[in-house]
Structure formats: C-alpha cells, structure tokens
Amino acid sequence: MKKILVTGGMGYIGSHTCVQMIEAGFTPIILDNLANSKPEVLLRIARLSGHKPMFYEGDVRDRRLLDQIFSEHQIESVIHFAGLKAVGESVLKPFEYYDNNVYGSLVLADVMRQSGVKSLIFSSSATVYGEPETMPIDESFTTGAVTNPYGRSKYMVEECLRDIQQAAPDLSIALLRYFNPVGAHPSGLIGEDPQGIPNNLMPFIAQVAVGRRESLSIFGDDYLTADGTGVRDYIHVMDLADGHIATLKAVAQTAGLHIFNLGTGKGSSVLEMVKAFEEACGHPIPYQICPRRGGDISECWAATDKAAQLLGWKASRSIEQMSADTWHWQSKNPNGYEQ
Ligand code: NAD
Ligand code: UFG
C-alpha cells in the first residue's frame, strides 16, 4: 500500500482527499494540530471509507515529530494542506501566517530532504495570480501581485519550492493552485465547518439557509460583470480531491516542478450562487447589497487544459450539485462537527 503523509488532513479539503485516496488504494497518514479542525473528522473518514487513517496530532513545524513519522513509515509522497487560510485574519496576524505557512513548509521540505522523501504536493491558491487583465487564467500567467499576507505566504512558498526543486532536480514538486473550493461529500458526513463568522460565500449562504444567520451581505453589485456581482470559479471539493489523486498517479513520481490550476473553467456570480442554493434548500436566501470588500477582485476563472492533458483530470460537478451537497451537509450538521 502506498503511504502518503497528509498534513492538514483533518481539514476541509484534506478530509475529502483522504476519503478519495483510500478509495483509490492509497494509505493516508494524517498530521494535523487541530488548529482548525475537530477529532470527530477522523471517525467520519473511517465511517465513509472503512479505514481509519493513522493520525498524529501535532504541528508541521515540529521537526522531531516529522522525523519520527518519516522513520516509522515508508512515505511515498507528502500532500501539504496544513496552514492558515483566512485572508482578513492574515492582515491582523502576519507573523502567524508566515510562521505556519512559510516556515512550516520549509521545515517539512528540510525533513523530507533528510529522510530521502522526494515527492511533495503543495496546496497553493489562485490568489497568487492577483487580478490578471484577461481570463481564463493559465499556469503561465505572472504570479506575485498578491494583496495580503495569506496570499503572499502562498506565493513565497511557491517560490521557495521552485528554488528547492531547481537545486535538487530529482525531486517531484507539484504546486496545485485551487480556485474556489465549495460543496461537501454527497453523504453529508463531512464538509466545511468554519469557526466563527464564515469569511467565504458558500458557508455563509449555507448558515443563512439553515437559520444560523439572518441574511447574506453581498459585497458589491457594481463590478463590470454580467449582473454586477463578483465572479469566481467554484469547484466541488470532491472534484478537487480527485485532482489530488490524479496528481499522485500522473506526476508525483516524475522529477520536476509541476504547476496546475484546479478549477472548472467556468465563472459564476454571487447572485447565481445564491439562486443555485435557493433551489437546493427550497426557500429564499435573504440578502442585502453592501459596499465592495477591500482587496476583492472582480472576476477570476481557470484555464483547465493543462490539467486535462497532463493529469487526465477534469472537474465535472455543477454549481447545482455543489449547492445540493453543501445543503445536505449543513442541514444534517447545523452546527458542523459540534453537535
Ligand atoms: P482547513 O483549515 O480546513 O484545513 C487546514 C488544516 O491544517 C486544519 O485541519 C488545521 O488544523 C491544520 N493546520 C493548520 N496549521 C497547522 C500546523 N502548523 N501544523 C499542523 N496542522 C495545521 O483549510 P482547507 O480549506 O482544507 O485548506 C487546505 C489548504 O488549501 C490550505 O493550505 C489552504 O491555504 C489551501 N487553499 C484553500 C482554499 C479554500 O478556499 N479552502 C483555497 C486555496 C487554497
Ligand atoms: N462574498 C459576498 N459575501 C460574503 C462572502 C463573499 O458577497 O459574505 C463574495 C465576494 O465578494 C466574492 C465572492 O463572494 O465576490 C467569493 O468570495 P469568497 O470569500 O468565497 O472567495 P474569494 O475568491 O474572495 O477567496 C477565496 C479564498 C482565498 C483564496 C481565493 C483565491 O477564500 O483564500 O479564493 O483562491 F485566496
């Protein structure tokens, strides 16, 4: 069985990826400090997949623990999800973001080097592209025009890994640039469980739909888009999880720097997302139009040809499916993992 270390495997994207990995015959070993996730996730992964992954509760910056994991297991690849991800919080706590995201990635890369593990898949973000003038965004677009410490931390890690791979050409390093992951496992057993007020659109809509919040604030209706609201490339988290399996199979054992967008290639507006969710939950979502949110771009969607050609992977789930699965998860677990 191919053992894959999954840092941040208890989180939103990591948990869905672990389930799909087990299905595909890989053995995930999870390292997570539970900074943004709950122990219950492990039981849900086990229930869904029939296998309870080995779990190390600890920090990716803990060199000794990483040493221990690499000496206890023959690890074939590492998928590195662990990190902090709230844009607004990163402006207030830049040190924590650079420490977790940049320093954490460097410690991991260093211990991998010492342990002879040569394959790393890194969770990057479309945010590294800033706001390009043309759409769709392909992987050759310039990166680095980031506007906040979170985005800068992702860009910095990409640049560090690029240099590290250049100096050690036998390494396989994949930089996966996610667009906007939403949705949940169709079982409704695992999903996104943000702590406090959700920063992102889909979990906010879901909490309004289930009655936890009164109404959605739509940040701006004066963008140069068809209906004036912001446009994003929402990708179902199950498609995203499958994108990691495709990466493991297609390039994780091939030396090189492999850069891929993981998106659907289709942009949807805030109002289109609200409409799709209303259909899924069967009642209206109250909303009001508010001023634009600082730092937001107007629109963004991915070019998907490179992933299709080289990974043999394409996202297939619609925004209706994303909304239906989010609603299933949210209505079954109105308070997330905390019942
Ligand atoms: P998440 O917060 O749900 O998962 C991250 C997990 O990492 C959590 O379980 C958390 O407890 C753990 N973690 C954080 N710091 C850690 C540390 N120092 N040591 C060990 N574990 C630690 O987030 P997610 O949405 O699943 O995102 C996963 C990755 O994908 C992140 O790196 C994120 O930046 C990136 N990403 C996410 C999005 C998105 O919109 N969700 C978009 C682009 C990129
Ligand atoms: N929006 C609202 N109301 C809300 C939340 C969001 O109108 O309560 C709007 C935003 O203005 C934007 C769209 O919904 O037009 C999507 O916003 P999200 O916050 O869900 O997503 P972003 O595209 O702003 O950011 C996400 C991740 C970042 C990542 C970025 C690019 O949160 O971490 O995608 O990958 F950097």
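J.: In this structure, what is going on with the sheet that holds strand β11 (residues 256-262)? I would like to understand it.
T.: Neighbouring strands of a sheet are bound in pairs by backbone hydrogen bonds; such pairs are parallel or else antiparallel. Strands sit in the order β3-β2-β1-β4-β5-β6-β11 across an open sheet of 7 strands; the sheet is parallel. The open sheet has two edge strands, β3 (54-57) and β11, and neither has a second partner. Mean inter-strand twist for the sheet, computed between neighbouring axes without regard to direction, equals 20°. In the sheet, strand β6 (residues 172-178) pairs with β11 via 7 bridges, with the strands oriented parallel. Its bridge partner being in β11, R177 is matched across the sheet by N261.

J.: What is the right way to look at the nonpolar core in this model?
T.: Within soluble globular proteins, side chains that are nonpolar generally end up buried alongside one another. Formed by 38 residues in total, the largest nonpolar core has its most connected members in M21, L248 and L311. Among the elements of the structure, β1 (2-7), α1 (12-23), β2 (26-32), α2 (40-49), β6, α8 (237-250), β11 and α10 (305-311) are those that each provide at least two residues to this core. The dominant element in this core, judged by the number of residues it contributes, is α1, at 6 residues. L311 has contacts with A246, T247, A250, V251, F260, L262 and K306, leaving out every residue within four places of it along the chain. Counting residues in hydrophobic clusters, the runner-up holds 25 residues, among them L5, Y56, L66 and I75.

J.: Is there a simple way to explain the site of ligand 1 in this structure?
T.: For ligand 1, the set of nearby residues contains 27 residues, the closest of which are D32, N36, S37, N100 and Y150. The separation between an oxygen atom of ligand 1 and a polar side-chain atom of K85 is 2.8 Å. At 2.7 Å, a side-chain N or O of N100 approaches a nitrogen atom of ligand 1. In the complex, the protein chains occlude 95% of the 830 Å² of accessible area that ligand 1 would expose alone. Breaking the shell around ligand 1 down by element, the ones donating at least two residues are α1, β5 (119-125) and α6 (149-167). At 3 residues, the largest contribution of residues to the shell around ligand 1 is made by β5. Class assignment for the residues of the shell around ligand 1 results in 11 nonpolar, 11 polar and 5 charged.

Criteria and cut-off values
Residues numbered from 1 in each chain as written. Chains lettered and ligands numbered in written order. Predicted model: local features only at pLDDT ≥ 70, side-chain atom pairs only at ≥ 80, totals over all residues. Heavy atoms only, no water. Pairing = 2+ DSSP bridges. Helix = DSSP H or I, 4+ residues; strand = E, 2+ residues; numbered from the N terminus. Axes fitted to C-alpha atoms, helices over the stretch in contact; angles between N-to-C directions. Core = buried A, V, L, I, M, F, W, Y, C linked by side-chain atoms within 4.5 Å. Buried < 20%, exposed > 50% of the residue type's maximum accessible area, 1.4 Å probe, protein only. Contact = heavy atoms within 4.5 Å. Near = heavy atom within 4 Å. Polar contact = N/O pair within 3.5 Å; in protein donor to acceptor, adjacent residues only side chain to side chain. Areas by Shrake-Rupley, 256 points an atom, 1.4 Å probe, with all protein chains shown as cover. Nonpolar A, V, L, I, M, F, W, Y, C, P; charged D, E, K, R; others polar.

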